[in-house]
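Here's the letter readout for the chains.
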Amino acid sequence: MIYPWFNATQKDADFYAEHLAGRMPEKLLDAHVHMNLLEHVREVTPERMKEDWALESGLHMDWEAAAHYYATLFPDIEVELNAFPFPLPEVDIPANNGYLGALADEGKLHAMM
């Protein structure tokens, strides 16, 4: 699921071009990203999310969303991902691992399961 508000504006593009583009490497590694499908985290309750600020900032991100977010944040830069499932008792970890394993088999990311 890609959040509809996560899109670059012309102001973002101008800022990136002026302040960041010449300083960025050709390739980045995000060494720790949690990735899953919504169906993997359905049992995580709003109450559980309020117990941990990190859960409040984001619980669900699939491959398509991640690709959009990284392309928006780092245009023209290759981003390599080292992905983990969500390590919560409420999460369907076997299914989450299967999802990450399939993405790794496709060469889209490195999966840490």
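Residues numbered from 1 in each chain as written. Predicted model: local features only at pLDDT ≥ 70, side-chain atom pairs only at ≥ 80, totals over all residues. Heavy atoms only, no water.

What about the packing of aromatic side chains?
Inspection of the entire model under this criterion finds two aromatic pairs. These aromatic residues form a ring-pair network of at least three members: Trp5, Phe6 and Tyr69. (Phe/Tyr/Trp six-rings, centres within 6.5 Å; stacked < 30°, edge-to-face > 60°.)

Here we look at the nonpolar core
Counting 15 residues, the largest nonpolar core has Met35, Trp63, Leu81 and Leu109 as the members making the most contacts within it. Every element with two or more residues in this core is listed here: α4 (63-73), β2 (78-84) and α5 (93-105). It is α4 that provides the largest number of residues to this core, a total of five residues. If you look at the next biggest cluster of nonpolar residues, it comprises seven residues, including Val41, Val44, Leu55 and Leu88. (Core = buried A, V, L, I, M, F, W, Y, C linked by side-chain atoms within 4.5 Å. Buried < 20%, exposed > 50% of the residue type's maximum accessible area, 1.4 Å probe, protein only. Helix = DSSP H or I, 4+ residues; strand = E, 2+ residues; numbered from the N terminus.)

Structural notes on the pattern of salt bridges
Two side chains with opposite charge may pair up if their charged atoms get near one another. Per the stated rule, a full pass over the model turns up five salt bridges. Here Glu78 and Lys27 are joined by a salt bridge, their closest N and O atoms 3.8 Å apart. Of the two residues, Glu78 sits in strand β2 while Lys27 sits in strand β1 (residues 27-34), which places them 51 residues apart along the sequence. On the accessibility criterion, Glu78 (48% relative accessible area) is partly exposed. When the shortest N-O distance is used, the salt bridge between Glu106 and Lys108 registers 3.1 Å. Residue Glu106 is classed as exposed on the basis of its relative accessible area, which comes to 52%. The network of salt bridges with common partners includes Lys27, Glu78 and Glu80. (Salt bridge = Lys/Arg side-chain N within 4 Å of Asp/Glu carboxyl O.)

What to know about α4
Listing the buried residues of α4 in full gives Trp63, Ala65, Ala66, Tyr69 and Tyr70. For α4, the arc enclosing every buried residue in end-on projection is 160°, short of the 170-degree limit, so these residues lie on one face. Structurally, α4 contributes buried residues whose contacts are with β1, β2 and α5. Between a side-chain oxygen at the N-terminus of α4 and the backbone nitrogen of Glu64 the separation is 3.3 Å; the capping residue is Asp62. (Arc of directions from axis to C-beta. Contact = heavy atoms within 4.5 Å. Polar contact = N/O pair within 3.5 Å; in protein donor to acceptor, adjacent residues only side chain to side chain.)

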